[in-house]
Amino acid sequence: MTARILDGKALGLAIREEVAVDVAKLAAVGIKPGLAVVLVGEDPASQVYVRSKGRACEEAGMYSVTIRLPDTATQDELLATIDKLNADPAIHGMLVQLPLPKRMDSDKVLRRINPLKDVDGFHPENVGKLVTGDPTAFRPATPYGIQQMLIRSGIETNGAHAVIIGRSNIVGKPMANLLIQQGPGGNATVTVCHSRSKDLPSLTRQGDILIVAIGRAEFLTADMVRPGAVVIDVGINRVEDATREKGYRLCGDVEYEPVAAIASAITPVPGGVGPMTIAMLLKNTLQAAELTRAE
Ligand code: NDP
């Protein structure tokens, strides 16, 4: 079997076009959805993500602002920036780009964001809403994008066994919470694996849908995959490659070619989960702006 490639770039673009249509409708009633992205420091990968988020916002007709704080900024300065954005009516959604410098308390910072503007969905109020199945939750963009990709690609989650590798608050845990909810893209039986899981291959081979989010280049090999499984690769890893101009290449957490040879569907890296994440961030910002319309 050669896997069908799940084209996140095309699916993400389709979602962004849908968002742009709704943004235009809001413009007609005088609301321009606004997203603020706060970046502390100079992390090169974060700079790239922040730039593409801003660009995507503008392409969808939204207002976008990036606030860059120097590496030397204090936590109090960051909290004061969040307070200002919480009070700014032109900003409907905001996010603080992670990871933050180690000296900062990420939990404290994320809790400072007004839950109604928390488009990353990391505030405990939104986490709680997600767990309890409250549809007003902001769903973290990466797992939300993966769920949309499954739905829009006609991959049945209802009754499927989804095996997730990784239990981060950003990907693994919210992914599990989305897949166990009732409704489209839900009703799955979910197993969450992590670095302490025993005999990982025996668990991963049970997955009808395998979602890999650990941050280790080409970790998932073909012997860990049941033939015919759907494989979603969340990882973005830089691997040294002297033949490339930049000196590195990007690869996922899945050993792509051998796994694609036995899976029924697979996401590439790049061009899989990444573009879906950005599309869902825009969708969440639209959702935040629509809240103000209802006020
Ligand atoms: P974290 O480092 O926060 O979490 C990694 C998880 O993987 C942990 O739960 C860890 O287990 C688990 N893990 C690590 N090694 C193993 C192992 N050998 N066996 C089993 N489990 C293991 O990473 P994130 O969730 O933030 O990100 C994961 C990857 O996804 C990264 O490459 C990141 O760049 C990428 N990413 C991509 C996004 C996109 O838009 N495409 C968005 C967000 C992330 P334990 O908890 O026990 O330590």
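Everything numeric here is computed off the predicted structure, so don't read it as measured data.

Draft legend 1. Summary view of the sheet that holds strand β1 (residues 4–5). As summarised here, the arrangement of the six strands in space is β1-β11-β8-β7-β5-β6, forming an open sheet in which the pairing is parallel. A strand with exactly one partner marks an edge of an open sheet, and here the two such strands are β1 and β6 (189–193). For strand β7 (residues 209–212) and strand β8 (residues 230–233), the ladder comprises four bridges, and the chain directions are parallel. Looking at β8, one finds that Ile211 is bridged to Ile232.

Draft legend 2. Spatial organisation of helix α2 (residues 44–59). Its 16 residues place the ends of α2 23 Å apart at the C-alpha level, agreeing with the 22 Å of an ideal helix rising 1.5 Å per residue. Residues of α2 that are buried include every one of Ser46, Gln47, Val50, Ser52, Lys53, Gly54, Ala56 and Cys57, and no others.

Draft legend 3. Summary view of the pattern of salt bridges. Per the stated rule, a full pass over the model turns up eight salt bridges. The residue Arg112 makes a salt bridge to Asp83 at a minimum N-O spacing of 2.9 Å. Residue Arg112 is located in helix α4 (residues 106–112), and its partner Asp83 is located in helix α3 (residues 75–87); the two are separated by 29 residues in the primary sequence. We classify Arg112 as partly exposed; its relative accessible area is 34%. With its nearest N and O atoms 3.9 Å apart, the salt bridge here joins Asp241 to Arg249. A relative accessible area of 24% places Arg249 in the partly exposed class. When salt bridges with common partners are traced through the structure, they connect Glu218, Asp241, Arg244 and Arg249 into a single cluster.

Draft legend 4. Layout of the site of the ligand. Every one of the 21 residues lining the ligand counts as a neighbour, but Arg167, Ser168, Ser195, Arg216 and Thr277 are closest to it. Between an oxygen atom of the ligand and a side-chain N or O atom of Arg167, the distance comes to 2.7 Å. One nitrogen or oxygen atom from the main chain of Val234 is found 3.4 Å from a nitrogen atom belonging to the ligand. Contact with the protein chains removes 71% of the 930 Å² of surface that the ligand exposes when unbound. Considering each element in turn, the shell around the ligand owes the most residues, three residues, to helix α10 (residues 273–294).

Calculation rules
Sequence order as written defines the numbering, with residues in each chain counted from 1. With pLDDT at 70 or above as the cut-off, local features in this predicted model cover only qualifying residues; side-chain atom pairs require 80 or more to be listed or tallied, and sums for whole chains, interfaces and linings still use all residues. Heavy atoms throughout the structure, all of them, feed into the side-chain values; hydrogens and water do not. Pairing between two strands requires that DSSP report at least two bridges joining them. Starting at the N terminus, helices and strands are each numbered in turn, a helix being any DSSP run of H or I of at least four residues and a strand any DSSP run of E of at least two. To estimate how far a helix should reach, multiply one less than its number of residues by 1.5 Å. Three labels apply to residues, based on accessible area from a 1.4 Å probe with only protein chains included: buried if under 20% of the type maximum, exposed if over 50%, partly exposed otherwise in between. Put simply, a salt bridge is a Lys or Arg side-chain nitrogen that is within 4 Å of an Asp or Glu carboxyl oxygen. Near is defined per residue: the residue qualifies when any heavy atom it owns lies within 4 Å of the molecule or strand. Whenever a nitrogen or oxygen atom comes within 3.5 Å of another N or O atom, the pair is scored as a polar contact, on the condition that within protein one atom can donate a hydrogen and the other can accept it, and that pairs from neighbouring residues in sequence are kept only if both atoms are in side chains. The method behind every accessible area is Shrake-Rupley, applied with a 1.4 Å probe, and residues are considered shielded solely by the protein chains displayed.

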